[in-house]
Amino acid sequence: MRYVVTGAAGFIGSQLADALVEAGHEVSGIDCFTDYYDPAEKEENARGLDVSRLDLAADRLDFGGADGVFHLAAQAGVRSFGDVFPLYLRQNVLATQRVFEAAVAAGARVVFTSSSSVYGEAEAYPTPESAQPRPISPYGITKLACEHLAHAYATGFGLDAVVLRYFTVYGPRQRPDMFLRRVCDALLAGTTFEIYGTGEQSRSFTEVGDAVAATMAAMERAPAGAVYNVGGGEEASLLEAIALLERISGRSLDTRRVDAARGDVARTKADVSRIRDALGWEPRTTLADGLAAMWSWASGRLRAA
Ligand SMILES: NC(=O)c1ccc[n+]([C@@H]2O[C@H](COP(=O)([O-])OP(=O)(O)OC[C@H]3O[C@@H](n4cnc5c(N)ncnc54)[C@H](O)[C@@H]3O)[C@@H](O)[C@H]2O)c1
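Residues numbered from 1 in each chain as written. Predicted model: local features only at pLDDT ≥ 70, side-chain atom pairs only at ≥ 80, totals over all residues. Heavy atoms only, no water.

Chemist: Give a detailed account of empty space enclosed by the protein, specifying residues and quantitative values.
Modeler: A probe as big as a water molecule, rolled over the atoms, marks out the empty space that is left. Counted according to the given criterion, the structure contains two cavities of 30 Å³ or more. Taken as a whole, the second largest cavity encloses approximately 50 Å³ of empty space. Surrounding the second largest cavity, Ser-116, Tyr-119, Gly-120, Ala-122, Tyr-125, Thr-127, Phe-167, Val-265, Arg-267, Thr-268 and Lys-269 form its lining. (1 Å grid on protein atoms, 1.4 Å probe; cavity = no way out; pocket = protein on both sides within 12 Å on 5 of 7 lines; lining within 4 Å. Points joined across faces, edges and corners; volume = space filled by probe spheres on them.)

Shown next as structure tokens:
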């Protein structure tokens, strides 16, 4: 098959593009290498991939000949109040609207990657897809807007779209602003780690290989219009995840508590029964195994540097 992957130089997009190539597909990546984090890291991620430098919010998009578009490009991160809000609107809402227009023109299916952030402080745990979305960050609001755009383009123009709500994805190449990556970096550098809030916040941590498998299965087999949670099977608090990484690394982390970040929820726990029943997908990697692989990547990368 011929697939387009947007955000192909990012954390999950590059892992997905690698897996698609490995499975024998033809992959055209798109990424504009934003400076949200060091673009050199994105160059590293994209090594060996065919990635066009296109800005989805501005450049002409032509998906002609593609069987499907994996739309992962976005401005991620829940710290989205204040001056950065226009950027979130541009990279998420505007870029996604343009991707949907181009996908309709090309007759290509789209898998859009949304986020557990759409739930906000969820009304139930584990959280099913039917829970009322009530995002508490502007980021979550832009992701929810994109989900509604997918529905509007499906209704108005027959767009064939599937929505995946990822829950805290981790593993090799994780973004440097994300919690587990920051823990690895602080353990490696021996620096003090700032914990936002009490550290009792918990997450359905999702290993990136599991997230990639769900994403490929969604493109191949999901019915049009489906919305699925993609979440890890094990819920852990931030403090528990730190303790695991300390054990794996054989190091101890010097921590300091700082104020909780606005827009950060206290808990996420995915109900994955819908995707399990429809696509036969479920998370396979334990947090201990996933963190061991992530630590090995992070420490190997430092050694190579
Ligand atoms: N990492 C997670 O835990 C997580 C959780 C929920 C949802 N998601 C979603 O998964 C997707 C991938 O996340 P990630 O963690 O890999 O993020 P990432 O920042 O590593 O990757 C996103 C990529 O999109 C690119 N991009 C941004 N705006 C663009 C534009 N206008 N044109 C072209 N490229 C553009 C960036 O340069 C970046 O390389 C995002 O849509 C994110 O919202 C991620």
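Chemist: Let's hear about the pattern of salt bridges: which residues, and what values?
Modeler: Per the counting criterion, the structure on display carries 19 salt bridges. Note that Arg-181 is salt-bridged to Glu-41, the shortest N-O span being 2.8 Å. Separated by 140 residues along the polypeptide, Arg-181 in helix α5 (residues 179-189) and Glu-41 in helix α2 (residues 39-46) bring together distant segments of the chain. The exposure class assigned to Arg-181 is buried, which follows from its relative accessible area of 3%. Between Arg-165 and Glu-147 there is a salt bridge; the shortest N-O distance is 2.7 Å. In this pair, Arg-165 is assigned in strand β6 (residues 161-166) and Glu-147 in helix α4 (residues 138-157), connecting sequence segments 18 residues apart. Look at Arg-165 and you get buried, because its relative accessible area is 5%. Its relative accessible area of 10% is what places Glu-147 among the buried residues. (Salt bridge = Lys/Arg side-chain N within 4 Å of Asp/Glu carboxyl O. Helix = DSSP H or I, 4+ residues; strand = E, 2+ residues; numbered from the N terminus. Buried < 20%, exposed > 50% of the residue type's maximum accessible area, 1.4 Å probe, protein only.)

Chemist: Explain the site of the ligand to me, using residue names and the numbers behind them.
Modeler: Surveying the vicinity of the ligand reveals 29 residues, the closest of which are Asp-31, Tyr-37, Tyr-139, Lys-143 and Val-169. Interatomic distance of 2.6 Å between a side-chain N/O atom of Tyr-37 and an oxygen atom of the ligand. For the ligand, whose accessible area on its own is 820 Å², the fraction buried by protein is 98%. If you list the elements that add at least two residues to the shell around the ligand, you get α1 (11-22), β5 (109-115) and α4. By residue number, the principal contributor to the shell around the ligand is β5, which donates three residues. Its residues assigned to classes, the shell around the ligand comprises 16 nonpolar, eight polar and five charged. (Near = heavy atom within 4 Å. Polar contact = N/O pair within 3.5 Å; in protein donor to acceptor, adjacent residues only side chain to side chain. Areas by Shrake-Rupley, 256 points an atom, 1.4 Å probe, with all protein chains shown as cover. Nonpolar A, V, L, I, M, F, W, Y, C, P; charged D, E, K, R; others polar.)

Chemist: An account of the layout of surface pockets is needed here, citing residue identities and associated values.
Modeler: Of the volumes computed, that of the largest pocket is approximately 290 Å³. Among the secondary structure elements, those contributing two or more residues to the lining of the largest pocket are α4 and β6. Split by residue class, the lining of the largest pocket holds nine nonpolar, four polar and four charged. The volume enclosed by the second largest pocket comes to roughly 190 Å³.

Chemist: Tell me what's going on with the environment of Pro-128, and back it up with residues and numbers.
Modeler: Looking at the secondary structure, you find Pro-128 in the loop between β5 and α4. Note: C-alpha distance between Pro-128 and Asp-271 (143 residues apart in sequence) is 5.0 Å. Beyond its immediate stretch of four places on either side in the chain, Pro-128 contacts Tyr-119, Asn-229 and Asp-271. (Contact = heavy atoms within 4.5 Å.)

Chemist: Provide a residue-level description of the packing of aromatic side chains, including the pertinent values.
Modeler: In this structure the tally under the stated criterion is nine aromatic pairs. Aromatic pair Tyr-36 and Tyr-37: ring centres 6.3 Å apart, planes at 65 degrees, arrangement edge-to-face. The class of Tyr-36 is partly exposed, set by a relative accessible area of 34%. One aromatic cluster is present, formed by Phe-100, Phe-112, Tyr-153 and Phe-157 through successive ring pairs. Of note, Arg-53 hangs over the ring of Phe-33, and the distance from its end group to the ring centre comes to 3.9 Å. (Phe/Tyr/Trp six-rings, centres within 6.5 Å; stacked < 30°, edge-to-face > 60°. Lys NZ or Arg CZ within 6 Å of the ring centre and 35° of its normal.)

Chemist: I'd like to hear about the pairing of strand β1 (residues 2-6), residue by residue, with values.
Modeler: With four of five residues buried, β1 lies mostly within the body of the structure. Sheet topology note: the β1/strand β2 (residues 26-30) ladder contains five bridges and is parallel. Looking at β2, one finds that Val-5 is bridged to Gly-29. This β-α-β element, β1 to α1 to β2, shows right-handed connectivity. Relative to strand β4 (residues 68-71), β1 is paired through four bridges, and the arrangement is parallel. Bridge pairing in β4 places Thr-6 opposite His-71. (Pairing = 2+ DSSP bridges. Right-handed = clockwise from strand over helix to strand, strands pointing away.)

So far we have only geometry, and geometry alone does not tell us how the molecule works.
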